[in-house]
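What the coordinates show
Chain by chain, the residues run as shown.
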Amino acid sequence: MPDVEICRWDQLGPEPELDRLTRELDGIFFMSSARQTFADTAEKAAFRERWLGRYLRHFPQLALVALTPERRMVGYLVGSLQDPARDPVFADLAFFHRFRDLTARYPAQLHVNLDADWRGRGIGARLVDTFADMARAGSAPGVHVVTARSMRNVGFYLANRFLERGAVVIDGRELLFLGRDL
């Protein structure tokens, strides 16, 4: 297993290092995204805000990063402990309302991404397990992810003790609700 340290985002610093780590985090985020093209910088910024920024702003204490001994970021996890179907922070994500019964049972949620060169080394599992411990300490009974059935990350989550708990089709795309009991 590689020598990486899992750190909380809100405990990083000072400012110059945080700026560099934010750029590295953005690089991993956009490289890992299923969406690679944007009409303009405003659309790209809105995409980042929707899938990453809101977590860093509202839940920085739950954001985790994987750092090498040289303090290079190789992966991250962002999440929340509140039920997203009931939390106004996520009101713009209508698919959560389709999974409302499941989010009540698995309120904590996460997104995890790794630099492609660092995948398959157990880092993602460490990030997920660290977040699961934090969610358990926060009294969440379960954690979930929502992803498309066709995405490569489904196998990762299934290997990390998530089970398929539900599915819906929205705009012709099947979304899976994968839940893990805590």
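These lines cover the structure that appears in this document, whether it is placed above or below. In this convention, every chain numbers its residues from 1, walking through the sequence in written order. For a predicted model such as this one, the threshold for reporting local features is a pLDDT of at least 70, and the threshold for listing and counting side-chain atom pairs is 80 or more; totals across whole chains, interfaces and linings nevertheless cover every residue. Hydrogens and waters are ignored; side-chain quantities use all the structure's heavy atoms.

Examining the overall build of the protein
In terms of regular secondary structure, the protein is built from six helices and seven strands. Think of it this way: any DSSP run of H or I at least four residues long counts as a helix, any run of E at least two long counts as a strand, and we number them from the N terminus. Ordered by position from N to C terminus, the α and β elements of the protein give β-α-α-β-β-α-α-β-α-β-α-β-β. Here the C-alpha radius of gyration of the protein, 16 Å, is about what a compact globule of 182 residues would show, namely 16 Å. Taken over the C-alpha atoms alone, the protein extends approximately 45 × 40 × 30 Å along its principal axes. Exposure classes here rest on a 1.4 Å probe applied to the protein chains alone. A residue is buried below 20% of its type maximum, exposed above 50%, and partly exposed in between. The buried share of the protein, reckoned over its 182 residues, is 48%. For the protein, long-range pairs separated by at least 24 residues make up 68% of all intrachain contacts whose partners lie at least 6 apart in sequence. Both definitions apply: the radius of gyration is a C-alpha atom measure, and the globule rule equals 2.2 Å times residues to the power 0.38. Two residues qualify as a contact provided that any one of their heavy atoms is within 4.5 Å of a heavy atom in the partner residue.

Describing the side chain of T147
Along the polypeptide, T147 turns up in strand β5 (residues 142-148). Taking the relative accessible area as the measure of exposure, T147 reaches 7% and is therefore buried. One polar contact links T147 to N153, side chain to side chain, over a distance of 2.9 Å. If near-sequence neighbours (up to four positions away) are discounted, T147 is found in contact with N153, V154, E174, L175, L176 and L178. Side-chain atoms alone can form a polar contact between residues adjacent in sequence; in general such a contact is a pair of N or O atoms within 3.5 Å, and within protein one must be able to donate a hydrogen while the other accepts it.

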